[in-house]
Amino acid sequence: MKPFQRAIRGRLFWFVEDPAETGARAYRYLDDGLMLIRNGMITAIGEAIVLERQIGPGMEVIETGPHLVMPGFIDAHLHFPQTQVIASHGADLLDWLNRYTFIEEQRFANPAHARKTARFFLDTLLSHGTTTAAVFGSVHPGATDAFFAEAERHNTRMIAGKVMMDRGAPAALLDTAQTSYDESLALIERWHGHGRLAYAISPRFAITSTPAQLDAAAALHRAHPECYLQTHLAESRREIETVAALYPEAADYTDVYDRFGLLTERSLFGHAIHLDARERARLAEAGSVAVHCPTSNLYLGSGLYDLAAARAARQITALATDIGAGTSYSMLQTLNEAYKVQKLVGGTLPPLEAFHAITLGNAEALNLAHLIGSFRPGREADFVVLDSAATPAMAHRMERCQSIEDELFILMTMGDDRAVKATYVMGERFVPEREGLAPPPAPGMAF
Ligand code: GUN
Ligand code: ZN
């Protein structure tokens, strides 16, 4: 990286605590703030009038005008080989997997296809304001290798892993307990801790892993406890019945993973909708994370995640798109649907809690809060510039905006990638590579 110093001036918003616990004390909002960045890291943040004198000669100052600047969004669960299965019509999760997903993922045996898709995927995430994600690859190690190479080129903080699956899918998508161990290990050695990248050991779910493979995943995690472990849990009723038949000795679905030692503080369980009190208590005790994927759950008709029940059980919840069962890359649209899901279970999702979830909340769930998710000196300068009046309908609604909370609620209800004016990765403005998209911005007064 070429050394650089840059200042961002404008409306800065970020969380320092969880608003579910401390309400309005949990966030900081500066109407005319200044954030100083050196070589990708935040060095100072505060009122512009106070910090202005620290702007050195020749330092670029980016004025963000009326827009809202906040930490980059974090997506805690999605699948990069599923960009072309979004909007495929299936009866339920298992039908959708068999009819579309397990067919599409076979294309990722071709590394050139994987590279091209990874490029599209990362470009699209960044265009939607997402700067960090926990990503499932396909079974092919070459595809995950291509993903990491692209993530490195984008300099994004990404977590990813090759899917482990040794039964219950077409033969072309199966590995074995041993090859999945060996291939995952080689990827860990190559990519984990390399720059901003981290590895997630990724047994797909209990239906597509034999006991021998879950054992192999656990052994690998014991050997590399610094890695994440990601899988799926209790997403649909039919999935749960199938798992019960495959693992009759387990008390419930959570216990299937628990028996193999897969419940750790670094474990991310996608969906986790249909859990009883025992399972919630066990996840909470283990410090494992349930990842709520509202657009996916509504799309497949999987069920309604109960945030209040999870919170009452002291269970950690992260939020995610789950592309490609999820229907939008946008974490704003994910909040929109999450809010509606909570309404349907008799709860709610206030805007402060919503935006905390996709920034600092997800950073904490992923053990990354010391690096991302908030604006503090020493953190990495990943951030988004949001336009709350991005569309005529949003601009019209904004005329009645009363407060910052009101503005956040408008953004999460009506916003999507059109509201993302710019995304910065380590202090550098992201420029989409796809043909026909925005030309490179002029330096300096870009807004
Ligand atoms: N369970 C196992 N694999 C998958 C997947 O690819 N998507 C979803 N939504 N659930 C899964
Ligand atoms: Zn998933």
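Because the structure is a prediction, the values reported are computed rather than measured.

> Explanation requested: the overall build of the protein in the structure shown.
Broken down by element type, the protein carries 16 helices and 16 strands. Relative to the 2.2 N^0.38 estimate, which gives 22 Å for 447 residues, the radius of gyration of the protein is 21 Å and therefore close to what a compact globule would have. Reported as C-alpha extents along the three principal axes, the dimensions of the protein are approximately 65 × 45 × 35 Å. By residue count, 60% of the 447 residues in the protein fall in the buried class. Long-range contacts, defined here as pairs at least 24 residues apart, represent 74% of the contacts in the protein between residues at least 6 apart. Carbon and sulfur atoms make up 53% of the accessible area of the protein, which amounts to about 16,900 Å² in all. Once the 40 positive and 53 negative side-chain charges of the protein are each reduced to a mean point, those two points are 3 Å apart.

> Hey, could you run me through the sheet that holds strand β14 (residues 383-386) in this one?
Hydrogen bonds between backbone atoms are what pair the strands of a sheet, whose relative direction is either parallel or antiparallel. Taking strand neighbours across the sheet as the criterion, the seven strands line up as β3-β2-β1-β4-β14-β15-β16 in an open arrangement whose pairing is mixed. This sheet does not close on itself; its edge strands, each paired only once, are β3 (41-47) and β16 (428-429). Note that strand β15 (residues 420-425) and β16 share two bridges and pair antiparallel. Across the sheet, Val425 pairs through a bridge with Glu428, a residue of β16.

> It is not clear to me how the nonpolar core should be interpreted in this structure. Could you clarify?
Side chains of a nonpolar character, in soluble globular proteins, are inclined to be buried together. Residues Phe147, Tyr257 and Phe355 are the most contacted members of the largest nonpolar core, which totals 116 residues. Contact partners of Phe147, with chain neighbours within four places excluded, come to Phe80, Ala118, Phe121, Leu122, Val135, Met158 and Ala160. In terms of nonpolar packing, the next biggest core, distinct from the first, is built from 18 residues, Leu30, Ile37, Ile42 and Val385 among them.

> What am I meant to see in the site of ligand 1 here?
Taken together, His79, Gln82, Leu93, Trp96, Leu97, Arg204, Phe205, His232, Glu235, His271, Asp322 and Ala325 make up the full set of residues adjacent to ligand 1. Between Arg204 and ligand 1, the recorded distance is 2.7 Å, taken from a side-chain N or O atom to an oxygen atom. In the model, a nitrogen atom of ligand 1 is placed 2.8 Å from a nitrogen or oxygen of the Asp322 side chain. For ligand 1, whose unbound accessible area comes to 280 Å², protein coverage reaches 100%. A per-element tally of the shell around ligand 1 places helix α3 (residues 93-104) first, with three residues. Its residues assigned to classes, the shell around ligand 1 shows five nonpolar, four polar and three charged.

> How should the coordination of the zinc ion (ligand 2) be read in this particular structure?
The textbook angles at a metal center are 109.5 degrees for a tetrahedron of four donors and 90 or 180 degrees for an octahedron of six. Protein coordination at the zinc ion (ligand 2): the donors are His77 (NE2), His79 (NE2), His232 (NE2) and Asp322 (OD), at 2.0 to 2.7 Å from the metal. All donors of the zinc ion (ligand 2) come from a single chain, and their spacing in sequence reads H-x1-H-x152-H-x89-D. Taken as a pair, His77 and His79 share a single burial class, namely buried.

> Please clarify how unusual backbone geometry should be interpreted in this entry.
Excluding glycine, a negative phi dihedral is what most residues carry, and trans is how most peptide bonds are arranged. Look at the link from Ile323 to Gly324: it is a cis peptide, with omega at 5°. Mapping Gly324 onto the fold places it in the loop between β13 (316-319) and α13 (331-344). One non-glycine residue, Ala272, lies in positive phi territory at about 45°. Relative to the helices and strands, Ala272 is located in the loop between β11 (267-271) and α10 (277-286).

> Mind showing me how you'd approach the environment of Arg259 here?
Positionally, Arg259 belongs in helix α9 (residues 253-259). Arg259 sits 10 residues away from Glu249 along the chain, and the two C-alpha atoms are 9.7 Å apart. For Arg259, the contacting residues outside a window of four places in its chain are Glu249 and Ala250. Here the side chain of Arg259 touches Glu249 through a polar contact of 2.9 Å, landing on its backbone oxygen. Within the structure, Arg259 has its side chain in polar contact with the side chain of Asp255 (distance 2.9 Å).

> It is not clear to me how the packing of α3 against helix α8 (residues 237-246) should be interpreted in this structure. Could you clarify?
The description of two helices packed together rests on the angle between their axes and the distance between the axes. Where α3 contacts α8, the axes come no closer than 7 Å and their chain directions differ by 85°. Taken as axis vectors, α3 and α8 run roughly perpendicular relative to one another. Where α3 abuts α8, its residues Leu93, Leu94 and Asp95 lie against Arg238, Glu239 and Thr242. Taken together, the residues that form the contact of α3 with α8 break down as two nonpolar, one polar and three charged.

> Whenever I open this one, the environment of Leu229 confuses me. Can you help?
Within the secondary structure layout, Leu229 lies in strand β10 (residues 228-233). The exposure class of Leu229 is buried, given its relative accessible area of 0%. Apart from residues lying up to four places away in sequence, Leu229 is in contact with Ile201, Pro203, Ala217, His221, Leu262, Arg266, Ser267 and Leu268.

> Is there a simple way to explain the side chain of Asp322 in this structure?
The residue Asp322 is located in the loop between β13 and α13 in this model. It is Arg204 that comes nearest to the buried, bridge-free Asp322 among opposite-charge side chains, at 8.0 Å. A distance of 3.4 Å separates a polar atom in the side chain of Asp322 from a polar atom in the side chain of His79. A polar contact is formed between the side chain of Asp322 and the side chain of His271, at a distance of 3.3 Å. In this view, Asp322 contacts His77, Leu78, His79, Glu235, His271, Cys293 and Ser296; residues no more than four positions away in its chain are not counted.

> Honestly, the pairing of strand β1 (residues 5-15) in this entry has me stumped. Any pointers?
Each regular strand shows side chains that alternate between the opposite faces of the sheet. In terms of burial, β1 is a largely internal element, 10 of the 11 residues being buried. Of the pairings in the sheet, the one linking β1 to strand β2 (residues 27-38) comprises 10 bridges and is antiparallel in character. Pairing of Gly10 across the sheet is with Gly33, part of β2. With six bridges joining them, β1 and strand β4 (residues 60-71) adopt parallel strand pairing. For Arg11, the partnering residue across the bridge sits in β4 and is Leu68.

> Which parts of the structure should I look at to understand helix α5 (residues 141-154)?
Every α-helical turn comprises 3.6 residues, leaving residues that sit three or four positions apart pointing alike. With 14 residues, α5 should reach 20 Å at 1.5 Å per residue; the first-to-last C-alpha distance of 20 Å fits that figure. Inspection of α5 places Ala143, Thr144, Asp145, Ala146, Phe147, Phe148, Glu150, Ala151 and His154 among the buried residues, and these make up the whole buried set. In this fold, the buried residues of α5 make contact with α4 (111-127), β6 (130-136), β7 (157-161), α6 (177-191), β9 (197-203) and β15. With its phi angle positive at about 60°, Asn155 sits one or two positions after the end of α5.

Rules used throughout
- Here the residue index of a chain counts from 1 through its sequence in written order.
- The naming scheme follows written order: chains are lettered A onward, ligands numbered 1 onward.
- Predicted model: local features are reported for residues with pLDDT of at least 70 only, side-chain atom pairs are reported and counted for 80 or more only, and whole-chain, interface and lining totals are derived from all residues.
- Heavy atoms from the whole structure form the basis of all side-chain values; hydrogens and water molecules are not counted.
- Helix and strand definitions follow DSSP, with helices as H or I runs of at least four residues and strands as E runs of at least two, each counted in order from the N terminus.
- Radius of gyration: C-alpha atoms only; globule rule: 2.2 Å multiplied by the number of residues to the exponent 0.38.
- Each residue gets one of three labels from its accessible area relative to the maximum for its type: buried under 20%, exposed over 50%, partly exposed in between, using a 1.4 Å probe on protein chains only.
- Contact criterion: two residues are considered in contact whenever any of their non-hydrogen atoms come within 4.5 Å of each other.
- Per-residue and other accessible areas were derived by the Shrake-Rupley procedure at a 1.4 Å probe size, with only the shown protein chains allowed to occlude residues.
- Under the counting rule used here, the positive set is Lys and Arg, the negative set is Asp and Glu, and His together with the chain ends is not counted.
- Taken as the charge centre is NZ of Lys, CZ of Arg, CG of Asp or CD of Glu, depending on the residue.
- For two strands to pair, DSSP has to find at least two bridges joining them.
- Here, nonpolar core means buried Ala, Val, Leu, Ile, Met, Phe, Trp, Tyr and Cys residues that are tied together by side-chain atoms lying within 4.5 Å of each other.
- For this purpose, a residue is taken to be near a molecule or strand whenever a single non-hydrogen atom of the residue falls within 4 Å of it.
- Polar contact is defined as a pair of N or O atoms within 3.5 Å, subject to the rule that within protein one atom must be able to donate a hydrogen and the other to accept it, and that residues adjacent in sequence are counted only when both atoms are side-chain atoms.
- All residues other than Ala, Val, Leu, Ile, Met, Phe, Trp, Tyr, Cys, Pro, Asp, Glu, Lys and Arg, Gly among them, are scored as polar; the first ten of these are nonpolar and the last four charged.
- Each metal's donors are the N, O and S atoms within 2.8 Å of it, or within 3.2 Å when it is Na, K or Ca, and because water is not part of the set, sites may look incomplete.
- To get an axis, a line is fitted to the C-alpha atoms, and for a helix only the part in contact is used. The angle between two axes follows their N-to-C directions and goes from 0 to 180 degrees.
- Here the angle decides the label: under 35 degrees means roughly parallel, over 145 means roughly antiparallel, 65 to 115 means roughly perpendicular, and every other value means oblique.
- Here a salt bridge means any side-chain nitrogen of Lys or Arg lying within 4 Å of a carboxyl oxygen belonging to Asp or Glu.
- To estimate the expected span of a helix, subtract one from its residue number and multiply by 1.5 Å.

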